[in-house]
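Observations on the model geometry
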Amino acid sequence: MLRGTPESPEARIWLHPADPHLPALAPVAFDHAAESLLARLGLTAQEAPAFVAYRPGRRGVLRVRTDAGTVWLKVVRPSRIERTVEAHAALAAAGVPGPAVLGWSAEGLIVLETASGTPATDVEWRAGALLDEVDRLRARIRGASLPRPVRGVAVRQDWYERLASGLPGAVGLSDRIRAVMPAPDAEVVAVHGDLHFGQLFLAEDGTISAVIDADTAGTGLPAEDAAAFIAHAIASALLTSQPNDARVWALADAAQTRWDEEPGVRALTATHLVGHAIGASDAGDPVRAQTLLGVARTVLDGGLPRRGASSRIPKNALMNSLDCS
């Protein structure tokens, strides 16, 4: 089922994978069709496609093991396929490391090789060293020629405000965010559009060997990527089991400290956190939703509850320290 916008609500039901907005999804979801597709690229499928992610009406991602290694089939709306391919090409030309495009179809399908390195979520890293790498990555991304604007979090402010209006703790938050949001005519640069540590792959020496999901890239406020990174780290820390939650909180704290002075970063981070709160509420976790809204207020005040860069910030202590009323 897909919900429309507040201005044009709709509800449609279909039999997965026959998604009417993703016409390429059903064909590649079945063995023989995927085998034929990969054969045209000179690849031999060694297993049936496996769904990795699916967002109804938005995109689907499937994984297939072939004779040349694992490849990824990403299905997007046909109207977005050209910008997706353009973004991959522009980032590659700017020296941004990422998986190569093996082929694509106007129906909304792009075939990607596996990203080089190991997911950052699966390796040990120090917060400061990782953020140094992220700063270098952001500088490379800014050098990319990306003519199309991102659908950044700034333009989703109205949408989030309406969805969050029924959540306790959201009252007055939108007004505070708007008060510090950059002006509509603020300078824009090339950004990833959804940058967080879950998108990063690292080489053995700790350098970033790849960043994935380039289809979100475009021009946007310079603080878009910093805000997305901070908010995702906070949201992840609330979901991460001990003892790993300590290092994720350390990453969130270090990122917020490093990028706090960037114009608009507080407003955009808070907006992201409102989005995460809506997701938590929809998932039936009102406590986490309230915590995220409380952290959004704290970010707007200029920080996070801190106990030192390397010390643990327990979830219960965080929740007790915030006014989530």
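Higher on the page you've got the structure.
Residues numbered from 1 in each chain as written. Predicted model: local features only at pLDDT ≥ 70, side-chain atom pairs only at ≥ 80, totals over all residues. Heavy atoms only, no water.

1. Regarding the sheet that holds strand β10 (residues 200-202)
Read across the open sheet, the three strands follow the order β8-β10-β11; overall the sheet is antiparallel. Strands at the two margins of the open sheet, each flanked by one partner only, are β8 (118-119) and β11 (208-211). Judged from the two bridges that link them, β8 and β10 form a sheet pairing that is antiparallel. Looking at β10, one finds that P119 is bridged to F201. (Pairing = 2+ DSSP bridges. Helix = DSSP H or I, 4+ residues; strand = E, 2+ residues; numbered from the N terminus.)

2. Section: the nonpolar core
Counting 64 residues, the largest nonpolar core has L200, F229 and I234 as its most contacted members. Residue contributions to this core peak at ten residues, all from helix α7 (residues 224-239). Discounting residues that sit within four places of it in the chain, F229 has contacts with L131, V134, L195, H196, F197, L200, L251, A255 and W259. Counting residues in hydrophobic clusters, the runner-up holds 16 residues, among them L38, A45, L62 and V75. (Core = buried A, V, L, I, M, F, W, Y, C linked by side-chain atoms within 4.5 Å. Buried < 20%, exposed > 50% of the residue type's maximum accessible area, 1.4 Å probe, protein only. Contact = heavy atoms within 4.5 Å.)

3. Looking at the packing of aromatic side chains
Counting across every chain of the model gives three aromatic pairs. When the ring of F229 is compared with that of W259, the centres are 5.6 Å apart and the planes differ by 90 degrees; the resulting orientation is edge-to-face. With F229 in helix α7 and W259 in helix α8 (residues 244-259), this pair connects stretches of sequence that are 30 residues apart. Residue F229 shares its accessibility class with W259, and that shared class is buried. Residue placement shows R138 over the ring face of W259; its charged tip is 5.3 Å from the ring centre. When the ring centre of W125 is taken as reference, the NZ or CZ atom of R247 above it lies at 4.1 Å. (Phe/Tyr/Trp six-rings, centres within 6.5 Å; stacked < 30°, edge-to-face > 60°. Lys NZ or Arg CZ within 6 Å of the ring centre and 35° of its normal.)

4. Concerning the sheet that holds strand β7 (residues 109-113)
Ordered by their spatial adjacency, five strands build an open sheet running β3-β4-β5-β7-β6, and the pairing between neighbours is antiparallel. Of all strands in the sheet, those with a lone pairing partner are β3 (50-55) and β6 (101-105), marking the two edges. For this sheet the average axis-to-axis angle between neighbouring strands, irrespective of direction, equals 15 degrees. Pairing of β3 with strand β4 (residues 59-66), which is carried by five bridges, proceeds in the antiparallel orientation. Within β4, the residue paired with R55 across the bridge is R59. Relative to the sheet, helix α3 (residues 78-93) contacts β5 (69-76), β6 and β7, its axis offset from that of β7 by approximately 30 degrees. (Axes fitted to C-alpha atoms, helices over the stretch in contact; angles between N-to-C directions.)

5. Quick notes on empty space enclosed by the protein
As enumerated under the stated definition, the model contains one cavity of 30 Å³ or more in all. Here the largest cavity defines a volume of roughly 50 Å³. Considering the residues around the largest cavity, the lining is formed by R83, E86, A87, L146, P147, R148 and A217. Its residues assigned to classes, the lining of the largest cavity shows four nonpolar, no polar and three charged. (1 Å grid on protein atoms, 1.4 Å probe; cavity = no way out; pocket = protein on both sides within 12 Å on 5 of 7 lines; lining within 4 Å. Points joined across faces, edges and corners; volume = space filled by probe spheres on them. Nonpolar A, V, L, I, M, F, W, Y, C, P; charged D, E, K, R; others polar.)

6. Here's the deal with the pattern of salt bridges
What the rule picks out here adds up to 13 salt bridges. With its nearest N and O atoms 3.7 Å apart, the salt bridge here joins E124 to R247. Pair noted here: E124 is in the loop between β8 and α4 (127-142) and R247 is in helix α8, with a separation of 123 residues, a long-range link. The exposed category is assigned to E124, whose relative accessible area is 66%. E262 is the partner of R138 in a salt bridge, and the nearest nitrogen-oxygen pair spans 3.0 Å. (Salt bridge = Lys/Arg side-chain N within 4 Å of Asp/Glu carboxyl O.)

7. Focus on helix α2 (residues 31-40)
Where α2 is concerned, the buried positions are A34, L37 and L38. When α2 is viewed along its axis, its buried side chains cluster within an angular range of 95 degrees and face the same direction. When the buried face of α2 is taken as reference, the exposed residues oriented beyond 90 degrees from it are H32 and R40. The secondary structure elements touched by the buried residues of α2 are α1 (25-28), β4, β5 and β7. With its phi angle positive at about 80 degrees, G42 sits one or two positions after the end of α2. (Arc of directions from axis to C-beta.)

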